[in-house]
Amino acid sequence: MTTAQKIKDIEDEMAKTQRNKATEYHLGQLKAKLAKLRRELIAPSGGGGGGPGIGFDVARTGVASVGFVGFPSVGKSTLMSKLTGTHSEAASYEFTTLTTVPGTLTHNGARIQVLDLPGIIEGAKDGKGRGKQVIAVARTCNLIFIVLDVLKPLHDLAILQNELEGFGIRLNKKPPNITVKKKETGGIAIVNTVPLTKIDAQEIKAVLSEYRMTSAAVAIHEPDCTIEDFIDVVEGNRMYIPAIYVLNKIDAISIEEIDLLYKIPNSVPISSKMWLNIDELLEVMWDKLNLVRVYTKPKGRQPDYTAPVVLRRDRAKVENFCDAIHKEIKKQFKYAMVYGTSAKHSRGQKVGLDHVLEDEDIITLFKK
């Protein structure tokens, strides 16, 4: 029996099982089994998988990467071609893009890699089409553009989210505040600092039993966490990636309908064909990528605002700034003068390598 068939059998059994106190343990085990089977689809056990597949292995460039995901013929290739100047096959029929097409756009001084991924079809997570390779690349992106046809956005979004969830991608979510520490003895100890409204001890024990964890310390600090959140933590291979829902082809609808689209969270209505509202899309992209621009100021001269050093927010220390310029700089580093939001004084602050920089700070390095 194939993995996809096993998944379907478990989903059918879960659909038939009524949830109550007597079935909580059984349902918890089924959900854990389902998660383990889905992991096999993401990374099949056995001999070397050989990477993502021909045409899907992309060399990384730029400070961040944005993946374009969507059904065939929603306008991904047109949007990417105009944003980056990279030619990605575009036509009005389905499946014109067959491999990952990389390009680069520059925004606010940052070089950002853009990846046009082949169109996903429903059932991709179960091995249909090239969905497995497409989503494997999407897992490595810093931001995902889910490109949707404006005439049926919510229907398509629900299907795409389901496909991405099946591959362990969690869109616009943060990792649950739950810890699970395996122990040698002592049984299962559960501590919660918030009320458990959607999960109980029986389900937790059922999941841990399925993962052969007979002794563990579980701490739950996540309000309204679900059994799925708990399984995500136990699995430990989930990717939490921000996403923008790009609602394309607004040139085909009315102004009143566009106003309604803005009620969809994390969405930006655009027209790649008529090049409408692209500025807003780029600004939302910049906010979601959470990048930090740092301007250099040579001693005794004005700051250089033309070519900022762009860092990721989670790696924005002076040390990271030095590495971005040249690996050898840290060896000669004495101190730095920083001006801007991160500095304590308006006249600047003398800092070391551990100082965390903020967006549009100005820095001068001093050598030994």
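This text goes with the structure placed above it.
Before going into details, it helps to say that this report is about the structure given with it.

### Brief notes about the nonpolar core
- Among the nonpolar cores identified, the biggest contains 56 residues, and Phe68, Ile144, Phe145, Ile146 and Met285 are the most heavily contacted of them.
- Among residues more than four places away in sequence, those in contact with Ile144 are Gly67, Val69, Ala138, Ile169, Leu171, Ile241, Pro242, Ala243 and Ile244.
- Counting residues in hydrophobic clusters, the runner-up holds 17 residues, among them Val207, Leu208, Ala216 and Val234.

### Considerations on the sheet that holds strand β1 (residues 64-70)
- Pairing is mixed in the open sheet, where 6 strands are placed in the order β2-β3-β1-β4-β10-β11. Each edge of the open sheet is held by one strand with a lone partner, namely β2 (101-107) and β11 (267-269). Taking the axes of each pair of neighbouring strands and ignoring which way they run, one obtains an average angle of 25° across the sheet.
- Relative to strand β10 (residues 243-248), strand β4 (residues 143-149) is paired through 6 bridges, and the arrangement is parallel. Looking across to β10, one finds that Phe145 is bridged to Ile244.
- In the packing of helix α3 (residues 76-84) onto the sheet, the strands contacted are β1, β2, β3 (110-116), β4 and β10, and the crossing angle to β2 comes to about 50°.

### Observations concerning a positive patch on the surface
- Where like charges cluster on the molecular surface, the positive patch consists of Lys299, Lys334, Lys350 and Lys367.
- Note on placement: Lys350 falls in strand β15 (residues 349-351).

### Describing the packing of helix α6 (residues 201-210) against helix α7 (residues 227-235)
- Relative orientation of the contacting elements α6 and α7 amounts to 30°, with a least axis distance of 11 Å. Note that α6 runs across α7; the crossing there is right-handed. Residues Glu203, Ile204, Val207 and Leu208 of α6 touch α7, and the partners they reach there are Ile227, Phe230, Ile231 and Val234.
- Partitioning the contact of α6 with α7 into residue classes produces 7 nonpolar, no polar and 1 charged.

### Details of the pattern of salt bridges
- Scanning the model with the defined rule gives 21 salt bridges in all.
- Across the salt bridge formed by Lys331 and Glu328, the nearest N and O atoms sit 3.2 Å from each other.

### So, the packing of aromatic side chains
- Evaluation of the coordinates by the stated rule reveals 3 aromatic pairs.
- A ring pair is formed by Tyr335 and Phe366, whose centres lie 4.6 Å apart and whose planes are at 15°; its orientation type is stacked. A residue pair is termed long-range when its members are at least 10 positions apart, and Tyr335 in strand β14 (residues 333-339) and Phe366 in strand β16 (residues 361-367) qualify at 31 residues. Of the two residues, Tyr335 and Phe366, both sit in the buried class.
- Taking NZ or CZ as reference, Lys350 lies 4.4 Å from the ring centre of Tyr335, over its face.

### What about α3?
- Buried within α3 we find Lys76, Ser77, Leu79, Met80, Leu83 and Thr84. Taken end-on, α3 shows its buried residues confined to a sector of 160°, consistent with a single buried face.
- For α3, the secondary structure elements touched by its buried residues are β1, β2, β3, β4, β10 and α9 (278-289).

### Some details on the side chain of Thr23
- Secondary-structure assignment places Thr23 in the loop between α1 (3-16) and α2 (24-42).
- Residue Thr23 is classed as buried on the basis of its relative accessible area, which comes to 18%.

### Section: the sheet that holds strand β8 (residues 216-220)
- Ordered by their spatial adjacency, 3 strands build an open sheet running β6-β8-β7, and the pairing between neighbours is mixed. The sheet is open, and its two borders are formed by β6 (178-182) and β7 (188-192), each paired with just one other strand. Averaged over all neighbouring strand pairs, the angle between strand axes comes to 10°, with direction disregarded.
- Strands in contact with α7 are β6 and β8; relative to β6, the strand with the most contacts, it is inclined by about 45°.

Conventions we followed
- Residues numbered from 1 in each chain as written.
- Predicted model: local features only at pLDDT ≥ 70, side-chain atom pairs only at ≥ 80, totals over all residues.
- Heavy atoms only, no water.
- Core = buried A, V, L, I, M, F, W, Y, C linked by side-chain atoms within 4.5 Å.
- Buried < 20%, exposed > 50% of the residue type's maximum accessible area, 1.4 Å probe, protein only.
- Contact = heavy atoms within 4.5 Å.
- Pairing = 2+ DSSP bridges.
- Helix = DSSP H or I, 4+ residues; strand = E, 2+ residues; numbered from the N terminus.
- Axes fitted to C-alpha atoms, helices over the stretch in contact; angles between N-to-C directions.
- Patch = residues over 30% accessible without salt bridge, like charges linked within 9 Å, V, L, I, M, F, W, Y side chains within 5 Å.
- Areas by Shrake-Rupley, 256 points an atom, 1.4 Å probe, with all protein chains shown as cover.
- Salt bridge = Lys/Arg side-chain N within 4 Å of Asp/Glu carboxyl O.
- Lys, Arg positive; Asp, Glu negative; His and termini not counted.
- Charge placed at Lys NZ, Arg CZ, Asp CG, Glu CD.
- Left-handed = near helix turned anticlockwise from the far one by under 90°.
- Nonpolar A, V, L, I, M, F, W, Y, C, P; charged D, E, K, R; others polar.
- Phe/Tyr/Trp six-rings, centres within 6.5 Å; stacked < 30°, edge-to-face > 60°.
- Lys NZ or Arg CZ within 6 Å of the ring centre and 35° of its normal.
- Arc of directions from axis to C-beta.

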